[in-house]
Amino acid sequence: DFMDRYDHYLPKAPIVRDVLADEAGYLCSMQTRDVGVAVVAMGGGRRTREDEIDHAVGLSNLVSIGAEIKPGSRLFTVHANDETMFEQARSSVIAALGIGSQPPAPQPIVIERIG
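Everything numeric in this text was worked out from a predicted model, so none of it was measured.

A.B. asks: Would you mind going over the overall build of the protein with me for this structure?
C.D. replies: Along the backbone of the protein there are three helices and six strands. Each helix (α) and strand (β) of the protein, taken in turn from the N terminus, gives the series α-β-β-α-β-β-β-α-β. Each principal axis of the C-alpha distribution contributes one length, and for the protein these read about 45 × 40 × 30 Å. Taking all 115 residues of the protein together, the buried fraction comes to 26%. Residue pairs at least 24 apart in sequence account for 70% of intrachain contacts in the protein once pairs closer than 6 positions are excluded. Carbon and sulfur atoms make up 51% of the accessible area of the protein, which amounts to about 8100 Å² in all. Separation between the mean location of the 11 positive side-chain charges and that of the 16 negative ones in the protein comes to 3 Å.

As structure tokens, then:
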């Protein structure tokens, strides 16, 4: 029942806070590697094999590419252990998001089939 009751099994971060948009537009791009690096920097992933993973930290509710963004709308949620970690994750992920005035061109869901 992990999928239905994940909050029962996983630890909770002391800070769980939404990051809101300052400007209107559309999410046109996301540097997903940079988003992943931000999570690893929080302790939510390993840099070396010996590193422990902190299952309480990370990101959730990331807005999807192509989504319309209004000022004050949620871009993503940060789960952090302290204010410094929250601010570092917030700024890193915001820098990884590309917000434009026009919606991006639709992309195919399947790019290529390998037979």
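A.B. asks: Would you explain the sheet that holds strand 2 (residues 25-30) in this entry?
C.D. replies: The strands that make up a sheet are held in pairs by hydrogen bonds between backbone atoms, and each pair lies either parallel or antiparallel. Strand order in the open sheet formed by three strands is 4-2-6, with antiparallel pairing between adjacent strands. The open sheet terminates on both sides in strands that have one partner only, identified here as strand 4 (68-69) and strand 6 (97-100). Here strand 2 pairs with strand 6 via four bridges, running antiparallel. For S29, the partnering residue across the bridge sits in strand 6 and is G98. This element, helix 3 (residues 83-96), spans strand 2 and strand 6 of the sheet and lies at about 55° to strand 6.

A.B. asks: Whenever I open this one, the packing of aromatic side chains confuses me. Can you help?
C.D. replies: Two aromatic rings, taken as a pair, are described by how far apart their centres are and by the angle between their planes. Under the counting rule described, the total for this entry stands at one aromatic pair. Ring geometry for F2 against Y9: centres 6.0 Å apart, planes inclined by 35°, an arrangement best described as tilted. Look at Y9 and you get partly exposed, because its relative accessible area is 43%. Its guanidinium or amino end placed over the ring of F86, R17 lies 4.6 Å from that ring's centre, counting from NZ or CZ.

A.B. asks: Would you mind showing me how to read the sheet that holds strand 3 (residues 58-60) here?
C.D. replies: Here we have three strands laid out as an open sheet, ordered 1-5-3, and antiparallel in their pairing. Edge strands, defined here as strands with exactly one partner in the open sheet, are strand 1 (15-20) and strand 3. In this sheet, adjacent strand axes meet at a mean angle of 25° when their direction is disregarded. The pairing of strand 3 with strand 5 (residues 74-80) spans three bridges and is classified as antiparallel. Within strand 5, the residue paired with S60 across the bridge is T77. Running over the sheet, helix 2 (residues 32-42) touches strand 3 and strand 5 and is turned about 135° from strand 3.

A.B. asks: Looking at this structure, how should I read the packing of helix 2 against helix 3?
C.D. replies: Each pair of packed helices can be described by the angle between their axes along with the distance between the axes. Between helix 2 and helix 3, whose axes approach to 9 Å, the crossing angle comes to 170°. If you check the angle between helix 2 and helix 3, you find them roughly antiparallel. Residues D34, V35, A38 and M42 of helix 2 lie in contact with helix 3, whose contacting residues are M85, A89, S92, V93 and A96.

Reading guide: rules and limits
Residues numbered from 1 in each chain as written. Predicted model: local features only at pLDDT ≥ 70, side-chain atom pairs only at ≥ 80, totals over all residues. Heavy atoms only, no water. Helix = DSSP H or I, 4+ residues; strand = E, 2+ residues; numbered from the N terminus. Buried < 20%, exposed > 50% of the residue type's maximum accessible area, 1.4 Å probe, protein only. Contact = heavy atoms within 4.5 Å. Areas by Shrake-Rupley, 256 points an atom, 1.4 Å probe, with all protein chains shown as cover. Lys, Arg positive; Asp, Glu negative; His and termini not counted. Charge placed at Lys NZ, Arg CZ, Asp CG, Glu CD. Pairing = 2+ DSSP bridges. Axes fitted to C-alpha atoms, helices over the stretch in contact; angles between N-to-C directions. Phe/Tyr/Trp six-rings, centres within 6.5 Å; stacked < 30°, edge-to-face > 60°. Lys NZ or Arg CZ within 6 Å of the ring centre and 35° of its normal. Parallel < 35°, antiparallel > 145°, perpendicular 65-115°, else oblique.

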